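Letter by letter, the chains look like this.
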Amino acid sequence: MPPVALSTASVYPEPAAAAFEIAADLGYDGVELMIWTDPVSQDVRAVDRLVRRYGVPVLAVHAPCLAVTQRVWGSDPIGRIRRSVVAADILGARTVVLHPPFRWQRRYAGAFSDEVARAGETAGVRLAVENMFPVRRGGIRTVPYAPGFDPTEVGHAFYTLDLSHTAAAGSDALAMQERMGTGLVHVHLTDGSGTPRDEHLVPGRGNQPCREICERLSAGPFAHAGGVVVLEVSTRRARTRQARVAMLNDSLLFARLNLQPGPVPAPRPGPVPIRVTGLT
C-alpha cells in the first residue's frame, strides 16, 4: 500500500504546525508541505523541528506556485523551484509538486520544461507537474496556464494527479491517469462535484472516480515506484478543530480502505471513532 500523507493546506486557516499535530494523531504516514504565506512553512529548520516533535516525516514539498504565493521565496519562479528542491532534499522528501506556469509568465513558461527536467538531477528529487483547470467567469472560459492545464499534452517525466482539478476541468480522471502512465508518482486524493470551482471535497463526496483511481494505484506500479497519496481536502468551513479532524479522519479512512491490495473490504457498520486526544 502506498503511503498516505496529509497536505498542510488541508488544515487552512490553521498553520502548518496543526497539520503535523493532526497527522500524528490520526495516523497519517506523513505530510505534504505546502510552501505558503505561513512563515513556518517557509523555514526548513522550523519544519524539521515539527518533524522531530511529532514523528511525522515530510514526504513531498509543494512549491510556492499559486497566485497568492508569487512573492514567497522571491519573485523569480525558477529560483522558487530550485529552493523547493533544496528544501525537499534537506527534509528527505522525494517529490516536489509544481503547477504549470501562468500565461503572463512568458519567460518562465519558455524555460519551465527544461528546468523541471534538470532541477532534481543532483538531489534526486522528482518534480511532478500537476494537472490544473480552466477558469470560468460570467460564462467566459479562460485557461490561465501556459501552454495549458493538462501537463500530459506537453510531456514531463513525472506527474501529480489532482482529482478536484479534473472535476473543475471536466476532464476524464481515469483517462488522465492512463496518459500519465508510469510517470504518475503523486496523487492528490480529493473530490469535486463537477462545478467549475476547485472544491477539494472529502473523497467519495463528489463525482470523481476516487475509488477506481485508488484501486488502480494499489494494483499497479505506483507504490513500487515510491508514489505517495496525499489528502488535499478543504476544511476551511469547519467551525471547530473537532469538525476538521472528523473530515480528515474520514478522508484517511477512505484512502486506507480503497488502497488495500486486492478486493476492497466493505466498511463495518456504525460510526468510526475519531481520536481527538491532545488536540485543542
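Further up the page is the structure itself.
Described in the following lines is the structure provided in the data block. Since this is a predicted model, take the numbers as computed values, not measurements. (Residues numbered from 1 in each chain as written. Predicted model: local features only at pLDDT ≥ 70, side-chain atom pairs only at ≥ 80, totals over all residues. Heavy atoms only, no water.)

Comments concerning the overall build of the chain
How we decide: Each helix corresponds to a stretch of at least 4 residues labelled H or I by DSSP, and each strand to a stretch of at least 2 residues labelled E; elements are numbered beginning at the N terminus. The classification of residues rests on relative accessible area computed with a 1.4 Å probe and restricted to protein chains. Under 20% of the type maximum is buried, over 50% is exposed, and intermediate values are partly exposed. Contacts are residue-level and defined by heavy atoms, with any inter-residue pair within 4.5 Å sufficient. Each accessible area value is a Shrake-Rupley result obtained with a 1.4 Å probe; residue values ignore everything except the protein chains displayed when judging cover. Here Asp and Glu are counted as negative and Lys and Arg as positive; His is not counted, and neither are the chain ends. Charge positions are represented by NZ for Lys, CZ for Arg, CG for Asp and CD for Glu.
A count of helical and extended segments in the chain gives eight helices and 10 strands. Seen along its three principal axes, the alpha-carbon backbone of the chain occupies a region of about 55 × 40 × 40 Å. Per-residue burial for the chain yields a buried fraction of 52% across its 280 residues. In the chain, of all internal contacts separated by at least 6 residues, the share reaching a separation of at least 24 is 74%. Counting only carbon and sulfur atoms, one obtains 52% of the accessible surface of the chain, whose full area is about 12900 Å². Taken as two groups, the 30 positive and 26 negative side-chain charges of the chain have centres that lie 5 Å from each other.

Quick look at the sheet that holds strand β10 (residues 228-231)
Test applied: Only when DSSP finds a minimum of two bridges between them are two strands counted as paired. Axis lines are fitted to C-alpha atoms, over the contacting stretch for helices. Their N-to-C directions set the angle, which ranges from 0 to 180 degrees.
Spatial strand order, β1-β2-β3-β4-β5-β8-β9-β10: eight strands in a closed barrel with parallel pairing. Each adjacent strand pair in this sheet contributes to an overall mean axis angle of 30 degrees, direction not counted. As paired elements, strand β8 (residues 158-162) and strand β9 (residues 184-189) share four bridges and run parallel to each other. When the sheet's bridge partners are listed, Y159 is paired in β9 with L184. Across the sheet, helix α3 (residues 77-91) touches β2 (30-34), β3 (58-62), β4 (95-98) and β5 (126-130), and the angle it forms with β4 is around 150 degrees.

A word on the packing of aromatic side chains
Put simply, the test is: Between rings of Phe, Tyr and Trp, where Trp is taken as its six-membered ring, a pair exists when centres lie within 6.5 Å; planes separated by under 30 degrees are stacked, by over 60 edge-to-face, and by other angles tilted.
One pass over the full model with this rule turns up four aromatic pairs. Between the aromatic rings of Y12 and W36, the centroid separation amounts to 5.8 Å while the plane-to-plane angle is 70 degrees, which identifies the pairing as edge-to-face. You can see Y12 sitting in the loop between β1 (4-7) and α1 (16-26) and its partner W36 sitting in the loop between β2 and α2 (44-54), a full 24 residues away along the chain. Consider the rings of F102 and Y145, whose centres lie 5.4 Å apart with planes at 20 degrees: the pair is stacked. Of the two residues, F102 sits in the loop between β4 and α4 (106-119) while Y145 sits in the loop between β7 (140-142) and β8, which places them 43 residues apart along the sequence. For the pair formed by F102 and Y145, the shared burial category is buried.

Brief notes about the environment of G148
Looking at the secondary structure, you find G148 in the loop between β7 and β8. Note on G148: relative accessible area 13%, which makes it buried. Sequence separation of G148 and V228 is 80 residues, and the distance between their C-alpha atoms is 25 Å. Contact partners of G148, with chain neighbours within four places excluded, come to P100 and V143.

Describing the pattern of salt bridges
Note the threshold: Just to be clear on terms, a salt bridge is a Lys or Arg side-chain nitrogen sitting within 4 Å of an Asp or Glu carboxyl oxygen.
Considering all chains together, one arrives at 11 salt bridges under this definition. The shortest N-O distance in the salt bridge between E14 and R244 comes to 2.8 Å. In this pair, E14 is assigned in the loop between β1 and α1 and R244 in helix α8 (residues 241-258), connecting sequence segments 230 residues apart. Each member of the pair, E14 as well as R244, carries the same accessibility label: buried. Between E115 and R82 there is a salt bridge, with the nearest N and O atoms lying 2.9 Å from each other. Separated by 33 residues along the polypeptide, E115 in helix α4 and R82 in helix α3 bring together distant segments of the chain. On the basis of relative accessibility, which here comes to 6%, the residue E115 falls in the buried class. Here R82 falls in the partly exposed class, since its relative accessible area comes to 43%. Through salt bridges with shared partners, a single network forms among E14, E21, R241 and R244.

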